[in-house]
Amino acid sequence: MKHPSLGRNSATIINIFLIITLIILIGYKTSQVTNPKIIKEISVPERKSNQAHSQIGNIDTNRIIDADKEPGNWLSHGRNYEEQRYSKLNQITKETIKDLELEWSFDMASSRGLEATPIVDNGIMFVTGTWSVIYAIDARTGKEIWTYDPGVPRSWARKLCCDVVNRGAAVWKGSVFFGTLDGRLIKLDAKTGELIWEKDTLIDSEKDYSISGAPRIAKDKIFIGNGGADMGGVRGYVSAYDTKTGKLLWRFYTVPGDPSLPFEHEELKEAAKTWNGKWWTMGGGGTVWNSIVYDPDYNQIYIGTGNGSPWNIEIRSPGGGDNLYLSSIVALNADTGKMNWYYQTTPEDKWDFTATQDIMLAEMNIDGEGKKVLMQAPKNGFFYVIDRENGKLLRAHNYVPVNWATHVDLDTGRPVLNEDKDYTKKPEWVLPGSYGGHNWQAMSYDPTLGLVYIPTHEVAAVFVPLKGYYKMKPGTYNTGTDFYVNDVAATMSDIPPITGTLKAFNPLTGETKWSIVHNHFWNGGTLSTSSGITFQGNSSGKFVAYDSENGKILWSKEVQTGMIAPPITYEIDGEQYIAILAGDGGAGNSVGDNLGADKEIAAILFGNEGRLLSFKINGKSQLPRLAKKEAKIPEQPILIATDEDILNGEKLYSNYCGACHGAGAHGKTIVDLRYITKDKHELFNNIVLNGLLEENGMSGFSDLLTIKDTENIHAYIIDVATKDRLAQQNK
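Residues numbered from 1 in each chain as written. Predicted model: local features only at pLDDT ≥ 70, side-chain atom pairs only at ≥ 80, totals over all residues. Heavy atoms only, no water.

As for the overall build of the protein
1) Next: Assigned secondary structure in the protein consists of 11 helices and 40 strands.
2) Next: Its C-alpha atoms give the protein a radius of gyration of 26 Å, near enough to 27 Å, the size a compact globule of 731 residues would have.
3) Next: Each of the three principal axes of the protein carries a C-alpha extent, and together these read 90 × 75 × 60 Å.
4) Next: The 731 residues of the protein split such that 61% are buried.
5) Next: Contacts in the protein between residues at least 24 apart in sequence constitute 64% of all its contacts with a sequence separation of at least 6.
6) Next: In the protein, which carries 75 positive and 88 negative side-chain charges, the distance between the mean positions of the two groups comes to 4 Å. (Helix = DSSP H or I, 4+ residues; strand = E, 2+ residues; numbered from the N terminus. Rg over C-alpha atoms; globule rule 2.2 N^0.38 Å. Buried < 20%, exposed > 50% of the residue type's maximum accessible area, 1.4 Å probe, protein only. Contact = heavy atoms within 4.5 Å. Lys, Arg positive; Asp, Glu negative; His and termini not counted. Charge placed at Lys NZ, Arg CZ, Asp CG, Glu CD.)

A look at the nonpolar core
1) Next: In this structure, Phe126, Trp146, Phe252, Ile301, Ile303 and Leu332 are the most contacted members of the largest nonpolar core, which totals 50 residues.
2) Next: In terms of nonpolar packing, the next biggest core, distinct from the first, is built from 39 residues, Leu100, Leu102, Leu527 and Ile580 among them. (Core = buried A, V, L, I, M, F, W, Y, C linked by side-chain atoms within 4.5 Å.)

Some remarks on the pattern of salt bridges
1) Next: Across all of its chains, the model carries 43 salt bridges by this definition.
2) Next: Linking aspartate 367 and arginine 395 is a salt bridge whose minimum nitrogen-to-oxygen distance equals 2.9 Å. Of this pair, aspartate 367 sits in the loop between strand E22 (359-366) and strand E23 (369-376) while arginine 395 is found in strand E25 (residues 393-398), placing the two residues 28 residues apart along the sequence.
3) Next: One salt-bridge network, held together by shared partners, links Asp295, Asp297, Lys372 and Arg388. (Salt bridge = Lys/Arg side-chain N within 4 Å of Asp/Glu carboxyl O.)

Focus on the side chain of aspartate 598
1) Next: Within the secondary structure, aspartate 598 is located in the loop between strand E39 (575-582) and helix H6 (602-606).
2) Next: Here aspartate 598 is buried and forms no salt bridge, its nearest opposite-charge partner lysine 668 lying at an N-O distance of 7.8 Å.
3) Next: Side chain to side chain, aspartate 598 and histidine 520 meet in a polar contact 2.6 Å long. (Polar contact = N/O pair within 3.5 Å; in protein donor to acceptor, adjacent residues only side chain to side chain.)

Points about the sheet that holds E22
1) Next: Spatially, E22-E23-E24-E25 is the arrangement adopted by the 4 strands of the open sheet, whose pairing is antiparallel. In the strand order of this sheet, the two ends are held by E22 and E25, each with one partner. When the angles between neighbouring strand axes are averaged without regard to direction, this sheet yields 25 degrees.
2) Next: Relative to E25, strand E24 (residues 382-387) is paired through 5 bridges, and the arrangement is antiparallel. Within the sheet, the bridge partner assigned to tyrosine 384 lies in E25 and is alanine 396. (Pairing = 2+ DSSP bridges. Axes fitted to C-alpha atoms, helices over the stretch in contact; angles between N-to-C directions.)

Some details on the packing of aromatic side chains
1) Next: According to the stated counting rule, one finds 35 aromatic pairs in the structure shown.
2) Next: Centre to centre, the rings of tyrosine 653 and tyrosine 716 are 5.5 Å apart; their planes meet at 55 degrees, and the pair counts as tilted. Taken as a pair, tyrosine 653 in helix H7 (residues 643-656) and tyrosine 716 in helix H11 (residues 707-729) lie far apart in primary sequence, 63 residues in all.
3) Next: Note on tyrosine 653: relative accessible area 1%, which makes it buried.
4) Next: Among the aromatic residues, those joined into a cluster by ring pairs are Trp311, Tyr423, Phe463, Tyr477 and Phe483.
5) Next: Sitting over the face of the ring of tryptophan 197, lysine 199 holds its NZ or CZ atom 6.0 Å from the ring centroid. (Phe/Tyr/Trp six-rings, centres within 6.5 Å; stacked < 30°, edge-to-face > 60°. Lys NZ or Arg CZ within 6 Å of the ring centre and 35° of its normal.)

Some remarks on the sheet that holds strand E18 (residues 300-304)
What holds strands together in a sheet is hydrogen bonding between their backbones, with the strands either parallel or antiparallel.
1) Next: The strand order E17-E18-E20-E21 describes an open sheet built from 4 strands, whose pairing is antiparallel. Only two strands of the sheet have a single neighbouring strand rather than two, namely strand E17 (292-295) and strand E21 (339-344). Pairwise comparison of adjacent strand axes, ignoring direction, gives a mean angle of 15 degrees for this sheet.
2) Next: Relative to E21, strand E20 (residues 328-333) is paired through 5 bridges, and the arrangement is antiparallel. Looking across to E21, one finds that leucine 332 is bridged to methionine 339.

Some points on the pairing of strand E26 (residues 405-408)
Regular strands place side chains that alternate from one sheet face to the opposite one.
1) Next: As defined by bridge partners, E26 adjoins strand E27 (residues 415-417) across 3 bridges and the pair is classed as antiparallel. From the neighbouring strand, alanine 405 faces E27, where its bridge partner is leucine 417.
2) Next: Hairpin connection of E26 to E27: 6 residues between the antiparallel strands, including glycine 413 at a positive phi of 75 degrees.

Quick look at the state of the cysteines
1) Next: Applying the stated criterion to the full structure yields 1 disulfide.
2) Next: The residue that forms a disulfide with cysteine 161 is cysteine 162, at a sulfur-sulfur distance of 2.1 Å. Between cysteine 161 and cysteine 162 the sulfur-sulfur dihedral comes to about -105 degrees; the bridge is accordingly left-handed.
3) Next: We note that cysteine 657 lacks a disulfide partner, and the nearest cysteine sulfur, in cysteine 660, lies 8.8 Å from it.
4) Next: Look at cysteine 660 and you get partly exposed, because its relative accessible area is 34%. (Disulfide = S-S within 2.5 Å.)

As for unusual backbone geometry
1) Next: The omega torsion across serine 309 and proline 310 is -5 degrees, close enough to zero to call that bond cis.
2) Next: Summarising the element assignment, proline 310 is placed in the loop between strand E19 (308-309) and helix H4 (313-316).
3) Next: With an omega of 5 degrees, the peptide bond between leucine 324 and tyrosine 325 qualifies as cis.
4) Next: Relative to the elements of secondary structure, tyrosine 325 occurs in the loop between H4 and E20.
5) Next: Of note, aspartate 367 is a non-glycine position whose phi angle comes to about 55 degrees, a positive value.
6) Next: Looking at aspartate 367, the relative accessible area reads 66%, which means it is exposed.

Observations regarding the environment of asparagine 690
1) Next: Position of asparagine 690 relative to the elements: it lies in helix H10 (residues 684-690).
2) Next: Sequence-wise, asparagine 690 and serine 702 are 12 residues apart; in three dimensions their C-alpha atoms are separated by 6.4 Å.
3) Next: Every residue in contact with asparagine 690, bar those within four places of it in the chain, is listed here: Asn685 and Gly700.
4) Next: One polar contact links asparagine 690 to asparagine 686, side chain to side chain, over a distance of 2.8 Å.

Focus: the packing of H7 against H11
1) Next: Axis separation between H7 and H11 bottoms out at 7 Å; the angle between their running directions is 95 degrees. With respect to their mutual orientation, H7 and H11 come out roughly perpendicular. Contact residues: H7 offers Asp645, Ile646, Asn648, Gly649, Glu650, Leu652 and Tyr653, while H11 offers Lys708, Asp709, Asn712, Ile713, Ala715, Tyr716, Ile717 and Asp719.
2) Next: Its residues assigned to classes, the contact of H7 with H11 shows 7 nonpolar, 3 polar and 5 charged. (Parallel < 35°, antiparallel > 145°, perpendicular 65-115°, else oblique. Nonpolar A, V, L, I, M, F, W, Y, C, P; charged D, E, K, R; others polar.)

Details of the pairing of strand E30 (residues 451-458)
1) Next: The element E30 is largely enclosed, with a buried count of 8 among its 8 residues.
2) Next: Burial of the side chains of E30 extends over both faces: Leu451, Tyr453, Pro455 and His457 are buried on one face and Val452, Ile454, Thr456 and Glu458 on the other.
3) Next: As consecutive antiparallel partners, strand E29 (residues 444-446) and E30 are separated by 4 residues, and within that stretch glycine 450 has a phi angle of approximately 70 degrees, a positive value.
4) Next: Alignment of E30 against strand E32 (residues 499-505), held across 7 bridges, turns out to be antiparallel. The residue of E32 that forms the bridge with valine 452 is phenylalanine 505.

Here's the deal with the environment of leucine 626
1) Next: Turning to its location among the elements, leucine 626 is positioned in the loop between strand E40 (611-617) and H7.
2) Next: On the basis of relative accessible area, leucine 626 is assigned to the buried category, the value being 14%.
3) Next: The residues contacting leucine 626, other than those within four sequence positions of it, are Gln560, Phe606, Glu609 and Arg611.

So, to be careful, I would describe these as geometric facts and stop short of saying anything about function.
In structure tokens:
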């Protein structure tokens with residue numbers, strides 16, 4: 001470059017000056033673009049350590065395989081690749097646990113669901129919160145080191161079935177990896193929280209895809225799936241990326257696409273033979289939204305696949321069919337993504353019976369022979385023990401009451417269906433319901449006792465199939481069933497009450513050794529230790545330690561916030577800690593307070609103050625005592641509506657509002673609409689139709705609802721609130 005009016009030397013000097021200036025400006029702008037979301041960065045605390053792995057987050061395949069050699073760290077989602085959530089730390093025993101007290105708490109700045117499993121390496125904890133925000137925390141003191149907010153658009157909440165949750169991160173060779181609700185896979189520097197790269201994992205961002213699950217890593221490959229099958233239009237898949245570059249290495253689709261086009265991989269050709277109709281126009285479902293487990297013995301990953309989309313098989317695949325690979329455990333070669341084998345837990349799924357629940361690996365003596373097995377308690381109510389080498393079914397016992405099938409035939413590996421409960425012919429109540437006998441909440445395994453500790457649900461679902469022409473609707477549930485079931489349910493008998501239980505279950509015999517019934521069905525995951533203790537948080541806001549052998553309560557601490565996340569344990573300088581995220585929410589919001597039947601829900605009594613808690617023997621902190629929320633329903637606007645308007649509003653509320661705001665307008669962690677203020681009543685149409693509160697995650701629904709629809713929903717809420725207020729006054 002030469003300036004036209006200057007000599008060569010002058011022009012050269014000016015050009016050099018301009019180039020240097022340009023480089024500085026580009027560097028400055030680049031730093032703004034690549035590092036825009038670091039909320040806070042604090043110096044990493046110096047600490048004395050005799051451990052060999054001093055670099056922050058320097059985790060690799062061998063360390064996770066040999067995790068028992070450093071039990072003071074929690075290196076992977078389920079602690080190690082077996083994902084048994086069993087720790088050999090034993091300073092906290094049945095004798096010393098009486099002195100277990102809070103050491104520190106960290107404010108998660110949220111009142112929504114917290115589901116993550118923290119990762120701890122050499123005294124640094126990495127944990128995700130709502131809206132896919134991630135934190136690095138000093139695990140000794142609870143002091144924040146850095147925070148990164150990926151800036152998920154709040155409008156994405158309409159694409160989500162089950163709250164703005166995230167179940168955790170993965171840490172690898174000095175970097176932290178996590179997924180975002182809007183489908184990105186992000187890599188950060190573990191020490192500083194600075195962005196290294198991010199990849200859009202979605203094949204179609206217009207569809208209702210999301211990521212809430214924790215990625216897994218092995219052999220410099222990061223594995224990530226996605227969710228969205230309840231919302232509709234999505235096709236499930238799992239992807240493997242290079243941890244260094246972010247390059248896509250392989251992708252396995254769990255359901256076939258349009259058969260008139262070439263299939264992406266050979267396994268889909270056979271799968272397509274098990275489908276009917278034009279399933280690909282509706283996506284098909286089968287999302288890999290939670291469980292992905294690496295097996296170093298066979299160099300394969302096991303993925304749990306989700307429900308069909310829509311749920312109703314007569315809409316999705318008229319005439320039925322197994323619909324591979326829905327509701328299945330699929331073994332893939334970790335290097336290539338090629339399928340080694342599969343086992344389908346629920347052929348012809350029509351109940352939202354995902355097989356995405358946690359998978360754990362173990363070695364067991366079965367019928368006199370040593371076996372390397374995987375275990376899973378999927379939604380359908382049966383507990384499976386499967387040979388990891390070949391996918392052969394070894395055991396299948398129901399762990400909760402089941403009425404959709406009589407049993408699982410061990411010879412065929414298939415459930416024997418109860419045809420009397422086929423809701424595609426007429427409405428039926430089914431157990432387990434769509435919540436499953438067990439959901440994403442982690443279970444743990446004590447290999448010395450041979451018991452699995454499962455957070456179970458007994459929540460029957462009334463399925464009312466939609467008939468006639470069916471059109472998919474973006475940004476809402478597309479299940480092929482009606483969520484307004486009150487009239488039909490009133491004609492049915494023997495529907496059991498809703499309950500939640502912690503069960504100590506023998507996977508080989510099917511025996512329940514002991515069980516604890518909770519006040520509410522939606523509770524936390526579990527952790528078991530070699531001291532014979534199993535920990536669980538519950539929706540009543542109590543963090544409890546049980547004797548793993550007999551279920552006796554050894555210790556309980558009221559934290560006044562419900563817990564659905566699993567605890568972990570770690571050690572610093574010879575002291576054992578137990579940590580857990582406290583924050584109710586997730587899919588449990590749709591039941592609310594069970595129409596007033598469940599009285600001891602911490603989120604309703606005290607609010608839902610999200611916190612990360614860490615306990616140790618003789619801990620020196622205390623949580624501030626929370627005051628009870630104001631339970632008095634305010635005076636409502638004058639209701640001007642017909643009975644028909646109110647009934648129509650109830651039906652619309654059930655299908656569009658209840659998943660977040662609770663059944664019967666009885667909310668839990670997201671706004672209970674019976675308590676909204678006068679100004680919110682005045683702005684109701686503007687909020688619901690135009691998205692006035694979109695920054696809170698409440699997008700507008702003008703594409704699905706009319707002004708008359710919104711007025712009817714409003715009338716229904718006012719009607720419920722007025723009646724409940726009168727009942728309060730008459731007590």
